[in-house]
Amino acid sequence: DSGVTQTPKHLITATGQRVTLRCSPRSGDLSVYWYQQSLDQGLQFLIQYYNGEERAKGNILERFSAQQFPDLHSELNLSSLELGDSALYFCASSALDRGDNYGYTFGSGTRLTVV
Amino acid sequence: DAKTTQPPSMDCAEGRAANLPCNHSTISGNEYVYWYRQIHSQGPQYIIHGLKNNETNEMASLIITEDRKSSTLILPHATLRDTAVYYCIVRVVQGKLIFGQGTELSVKP
C-alpha cells in the first residue's frame, strides 16, 4: 500500500457518459498529480493541484476537468467519453509542489474502459 | 522539458547486475534525474533520484556522469521480480514528471 488511494479500481461505461475518478493523497502530501496511461501513449501528465490550486497543466482534454478539495483529495472528471479515453488513470502525490526527497508516490490506478 | 532516451528493452540473467542507461543531454543544472519502475499495470514505483552525485539505496545505485548528460541505474543482483518497465525521468522545475517510453527489463532465470 503506497498510501495513495484511488477509487474505483475498475470502471466500465458507455460512450458519451461522464465519470469521476477519486484520489486521496498520502497523509501530509499537498500536491496531487493526474496521469493517463494508454497502450499507445505511455504515461501522460494531465494536471497538478497543490493545496487546492491548479499548479500545472499537461495534455488534458477540454472534456476533462479536475479539482482538489479542502481535505486535499482530488477528483478527475471525464465527460463525453470516447472509446479512445479507455486507459489507466494514475494519481500521484508529493509533499511539496516540486516533489519531496522521496519523489512522487503513485496510487494503483483506475482502469477505465469505454464501450 | 528535458528529454530522456532509453533503450526500449534489455535482458538480464537472474543474480547478475542490471545496468540500465539513460541519456539526458539537455538537462538543466537544477533538474533532478529520477528513476521509477512499473511492474505490469501497477502504479509506478519510486526507485532512486539524484542531482550530481552518485546515489545508492536499498534498491539500486544511480551513477550520473560528471557532465550530467547521462546516467545509469544499477540493480546489483537482479531477481525475476525486477522484471518491469524502468523509466528515467528528468523532473521539471514546476514539479511534473515527464515520462518517456522507458526500458522493458526482462530478468531471465
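Rules used in this analysis
- Residues numbered from 1 in each chain as written.
- Chains lettered and ligands numbered in written order.
- Predicted model: local features only at pLDDT ≥ 70, side-chain atom pairs only at ≥ 80, totals over all residues.
- Heavy atoms only, no water.
- Pairing = 2+ DSSP bridges.
- Helix = DSSP H or I, 4+ residues; strand = E, 2+ residues; numbered from the N terminus.
- 1 Å grid on protein atoms, 1.4 Å probe; cavity = no way out; pocket = protein on both sides within 12 Å on 5 of 7 lines; lining within 4 Å.
- Points joined across faces, edges and corners; volume = space filled by probe spheres on them.
- Nonpolar A, V, L, I, M, F, W, Y, C, P; charged D, E, K, R; others polar.
- Salt bridge = Lys/Arg side-chain N within 4 Å of Asp/Glu carboxyl O.
- Buried < 20%, exposed > 50% of the residue type's maximum accessible area, 1.4 Å probe, protein only.

Visitor: Just checking my understanding: could you explain the sheet that holds strand S6 (residues 61–64) of chain B for this structure?
Guide: To summarise the sheet geometry, strands pair through backbone hydrogen bonds and adopt either a parallel or an antiparallel arrangement. Read from one edge of the open sheet, 4 strands run S2-S7-S6-S5 (chain B), paired in antiparallel fashion. Pairing within the sheet leaves two strands with one partner each, and these edge strands are strand S2 (18–23) and strand S5 (55–56) of chain B.

Visitor: Looking at this model, I keep getting lost on the layout of surface pockets. Mind explaining?
Guide: Summary: where empty space remains is shown by rolling a probe the size of a single water molecule over the atoms. Of the voids in this model, the largest pocket is the one considered here, and its volume is about 620 Å³. Forming the boundary of the largest pocket are 32 residues, of which Ser2, Tyr104 and Thr105 of chain A together with Gln45 and Tyr46 of chain B lie nearest the centre. Among the secondary structure elements, those contributing two or more residues to the lining of the largest pocket are strand S1 (5–7) and strand S10 (105–106) of chain A together with strand S3 (33–38), strand S4 (45–50) and S5 of chain B. The element contributing the most residues to the lining of the largest pocket is S4 of chain B, with 6 residues. Classifying every residue of the lining of the largest pocket gives 12 nonpolar, 15 polar and 5 charged. If you go around the second largest pocket, you meet 20 residues; those closest to its centre are Gln37, Ser38 and Leu39 of chain A together with Gln38 and Ser41 of chain B. Elements represented by at least two residues in the lining of the second largest pocket include exactly strand S4 (31–38) and strand S9 (87–94) of chain A together with strand S8 (84–90) and strand S9 (103–108) of chain B.

Visitor: Would you take a moment to explain the pattern of salt bridges for this structure?
Guide: Pairing is possible between side chains of opposite charge, provided their charged atoms come close. Applying the stated criterion across every chain, the model contains 4 salt bridges over all chains. Where Asp82 of chain B meets Arg37 of chain B, a salt bridge forms, and the shortest distance between an N and an O atom there is 2.8 Å. Note that Asp82 of chain B is positioned in the loop between strand S7 (70–75) and S8 and Arg37 of chain B in strand S3, a separation of 45 residues in sequence. For Arg37 of chain B, a relative accessible area of 10% puts it in the buried group. Salt bridges linked by common partners bring Arg63, Glu82 and Asp85 of chain A together as one network.

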